[in-house]
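One-letter residues, chain by chain:
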Amino acid sequence: MAEIRTLSTDELSHKCSPEALGFETTADITPIEGTVGQERAVSAVDFGLGIHTHGFNIYVAGRPGTGRNSSVLAHINAKAKSEPAPHDWCYVNNFQDAYHPKVIRMTSGRGPEFAEDMDEFVKVAREELPRAFESENYGKRKGEIMDVIQRRREALLNELQKEAADLGFSIEVTPVGIASVPLTPEGRPYNRDEYDALPDEQKQDIKQKGVRLQESTNQFISRSRGLEKEVQDKVRDLDREIALFAVGHLLEALRAKYQQCDGFGDCQAILDYLNEVENDIVEHLDDFRGTERRPQQGLPAALEELAESSFDRYKVNVFVTRTNGDGAPVIQENNPTFNNLLGKIEYKSRFGFVSTDHNMIKSGAIHRANGGYLVIQALDVLLNPFSWDGLKRVLRAKQAAPENIMDQYGVVSVATIKPQAIPLDVKVVMVGSPQIYYLLYYMDEEFRKFFKVKADFDIEMDRTDKHIGQYSAFIARRCKEADLKPFHRTAVAKVVDYGSRLIEDKGRLSTRFIDIADLVSEAAYWADTAGSDMVMGEHVKQALEHKEYRSRMIEDKIQSLIDEGVIMIDAAESMVGQINGLSIYDLGDFSFGRPSKITARVAAGRGKIVDIQREAEMGGRIHSKGVMTLTGYLEGQYATDKPIAAYATLAFEQLYDEVEGDSASSTELYVLLSAIANIPVKQGIAVTGSVNQHGQIQPIGGVNRKIEGFFAVCKSKGFTGDQGVMIPASNIRHLMLKDEVIDAVRDGKFHIWPVETIDQGIEILTGIPAGEKRADGNYPEGTVHYLVNKRLQELAQTAKEFSMQQAAVAVSNNKEPAPSMTNIE
């Protein structure tokens, strides 16, 4: 068995030497740029940003405060600046099918220019076309067309009238058509009596002539309609000629400008669009002819707005634009709702109904990041309905078109536009916790297809001279960014020590720089309050003490209950079946340790250990596992020659919350041995540590807070010189205790014992040697194991005698004997 000893003060912490830092204040060093202590994560981010294969998006995993967001954004921005700006994208009207707007790709930064050119063109066209159609030349040429057609129509009518006269009829042109009327020999129309008095033969002749005349009349009507169509065609051709004369040179100028593909993106799409605009203007000249007259007509404002909206079809919707030279876009979407992420189609209300067009298509973050990088928070995406499904859909399709959530999921069925999708080339960087990563990895099979790169941001780094130097440079950067006073080297050393205490490891430093930055700011405040020119070590100490004071109200209340005896904690006497275990109270922003009384009772039974916390459903699974381990230890240590015929109960007294973790399993074993052997345990020694079935003490978490929690109780009750805490020897490297604890150890008021086995611990607690098993299987008389084994033998004998008595009674009563108490459950 290893030697029993107490820890020296040098083993209780790892103090950073101010002299070893190599500077006087942080004003003497260069502030650090970039990420500190995350080499693995940075390498993964660089790899993910560099590879362009589809699906190699990045999931950045880590706890808040490790610099995951700022580091990732810094790396992305640096890389994006060296990359070319991607194309602009513009939505334009589809003149063949307005429900399916077209998209045009433009060179970076050219989209707004194209939109302005089209607006200017429409503005000039609305001024020039009315003037062109009101010109003397247009009126003269249109009049000539109408005169020629009118003369031809009159000639046809004269022919029809001559034929009618030859047949004895007259022709009358009425608003409803052409009527033929038979005439008397005197040349006047027959009245009803005159016509009825005619012979039947003459009537029949008139009818036959009327039929012939009707045929000629039909031919006249047909030829007249042909003339009307001819005049319409000629006027239309004239209108087209005049319109193109008025604005054709404007369109030609646009064509000439945008046919240079190297400067404007998809030139053919632009030229095709200009051709469609030209054809549409010709087809809708009436819209332009009346633009100068509308204000004089006194139209209502709503009707005026409706008339003006007819020109919206020529507008260019600059969907996404970039400034050339700014590099690839980096979009950080902090509110990734479905619409914010994937775009939307807006509607406007007119006359009680809603409508939309290509001008109301709005981009989402995925479109603005196209050709660059999109940074989103995993939790935000998952909490917003349909955002995660929508993101996967566009990544799968490699294209994205704005859509409304109502339309996508059929919540409301309305007629709407379906914009042409835009090809997608974007690197998505999703930042979240490791728990979300594994949840998505195992529950969503598509996640691993789209996020193939994982960048893990650690919460700790090795405490090397290099990293201590980076800590110092980080403090210098924080002072520069927040305009704080410089830190003296003594203050920097305190911050370094705090970094090790945060992670509870002498050989490591915390990389949760949000906590470090907060400490720097608070220490600078206390330096300002004291009127100091720089932040000294005592200011950092004051900041830590005040921060703890602000948060420890619950801890102080519990300490008051202990002082008042409401919570019964004995820190001086020796008691059988009673021991002080150590627990952690975690309040979220603050955690602390406090002792908990653990008791045990033992009686004859069937080898069962009852965990009262578990029976009351107040114990977690890991705690229950720790209690079950005790059975394995007892059986291996004492039941090789006999069954364990003991019934034991274990309980955390005055603890009304759930108990979880196995850090008290060694403590429970000590108190169980005390109860079995009837050996008092020193109450001035609190215990923490996990144990395995072989009696080896295993490390636990929160060792500093546990020690300091019991220290506070001993300090309040008064030091006896024999008090202290027993911890696993493997936890020595995790000790970063407060100065007041170290001072008490130095003064002999408080002690810390490292133990490796149950044998060491039980000897410290009882003052009695544990005892090693001899070759004959027995333990030395007077040792703890001897006393435990002796008591178990007595309980086994008691159980055996009781079982024999029960069997005898059963036989005398002709009944089956009861189960033996020596059967181990």
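If you're wondering where the values come from, they're calculated on a predicted model, not measured in any experiment.

### Examining the overall build of the chain
Looking only at helices and strands, the chain has 29 helices and 29 strands in total. Whereas a compact globule of 825 residues would reach a radius of gyration of roughly 28 Å, the chain reaches 48 Å, over 25% beyond that. Along the three orthogonal principal directions, the C-alpha set of the chain runs to about 165 × 90 × 50 Å. A sequence separation of at least 24 residues applies to 77% of the contacts in the chain between residues at least 6 apart. When the accessible surface of the chain is split by element, carbon and sulfur atoms take 50% of a total near 40600 Å². Across the chain, 96 positive and 122 negative side-chain charges occur, with their mean positions spaced 2 Å apart.

### Some points on the packing of helix α18 (residues 465–481) against helix α20 (residues 513–530)
α20 packs onto α18 with a crossing angle of 60 degrees between their chain directions and a minimal axis gap of 10 Å. Classed by the angle they form, the pair α18 and α20 counts as oblique. The handedness of the crossing between α18 and α20 is right-handed. Here Y471, F474, I475, R478 and C479 of α18 lie close against α20, whose contacting residues are F513, I516, A517, V520 and S521.

### Examining the packing of helix α19 (residues 489–503) against α20
For the pair α19 and α20, interaxial distance at closest approach is 11 Å and the crossing angle is 140 degrees. Note on packing geometry: the crossing formed by α19 with α20 is right-handed. Within the contact between the two elements, α19 uses V495, Y498, G499 and L502 and α20 uses D515, I516 and L519. In the contact of α19 with α20, the residues fall into 5 nonpolar, 1 polar and 1 charged.

### A word on unusual backbone geometry
Across the chain, the bulk of peptide bonds are trans and the bulk of non-glycine residues have phi less than zero. In this structure, K398 is a non-glycine residue whose phi angle is positive, near 60 degrees. Relative to the elements of secondary structure, K398 occurs in the loop between α14 (387–397) and β13 (399–400). Even without a glycine there, the phi angle at D483 is positive, about 55 degrees. Tracing the sequence through the fold places D483 in the loop between α18 and α19.

### So, the environment of K749
Among the structural elements, K749 can be located in the loop between α27 (739–746) and β29 (751–755). Of the residues examined, K749 reaches a relative accessible area of 40% and is grouped as partly exposed. Each C-alpha atom, one on K749 and one on E39, is 44 Å from the other, the two residues being 710 residues apart in sequence. For K749, the contacting residues outside a window of four places in its chain are F719, G721, Q723 and A744.

### Here's the deal with the pairing of strand β4 (residues 169–174)
Here β4 pairs with strand β5 (residues 177–182) via 6 bridges, running antiparallel. What sits directly across from E172, in β5, is A179. Between the end of β4 and the start of β5, which pair antiparallel, lie 2 residues.

### Focus: the packing of aromatic side chains
Applying the stated criterion to the full structure yields 27 aromatic pairs. On the numbers, 6.3 Å between centres and 45 degrees between planes, the contact of W388 with F447 is tilted. Pair noted here: W388 is in helix α14 and F447 is in helix α17 (residues 447–450), with a separation of 59 residues, a long-range link. W388 sits in the buried class, given a relative accessible area of 9%. On the numbers, 4.7 Å between centres and 50 degrees between planes, the contact of F474 with F513 is tilted. With F474 in helix α18 and F513 in helix α20, this pair connects stretches of sequence that are 39 residues apart. Residue F474 shares its accessibility class with F513, and that shared class is buried. Through successive ring pairs, a cluster of aromatic residues spans Y59, W388, Y437, Y438, Y441, Y442, F447 and F451. The ring of F311 is capped by R126, whose NZ or CZ atom sits 4.0 Å from the centre of that ring.

Conventions adopted
- Residues numbered from 1 in each chain as written.
- Predicted model: local features only at pLDDT ≥ 70, side-chain atom pairs only at ≥ 80, totals over all residues.
- Heavy atoms only, no water.
- Helix = DSSP H or I, 4+ residues; strand = E, 2+ residues; numbered from the N terminus.
- Rg over C-alpha atoms; globule rule 2.2 N^0.38 Å.
- Contact = heavy atoms within 4.5 Å.
- Areas by Shrake-Rupley, 256 points an atom, 1.4 Å probe, with all protein chains shown as cover.
- Lys, Arg positive; Asp, Glu negative; His and termini not counted.
- Charge placed at Lys NZ, Arg CZ, Asp CG, Glu CD.
- Axes fitted to C-alpha atoms, helices over the stretch in contact; angles between N-to-C directions.
- Parallel < 35°, antiparallel > 145°, perpendicular 65-115°, else oblique.
- Left-handed = near helix turned anticlockwise from the far one by under 90°.
- Nonpolar A, V, L, I, M, F, W, Y, C, P; charged D, E, K, R; others polar.
- Buried < 20%, exposed > 50% of the residue type's maximum accessible area, 1.4 Å probe, protein only.
- Pairing = 2+ DSSP bridges.
- Phe/Tyr/Trp six-rings, centres within 6.5 Å; stacked < 30°, edge-to-face > 60°.
- Lys NZ or Arg CZ within 6 Å of the ring centre and 35° of its normal.

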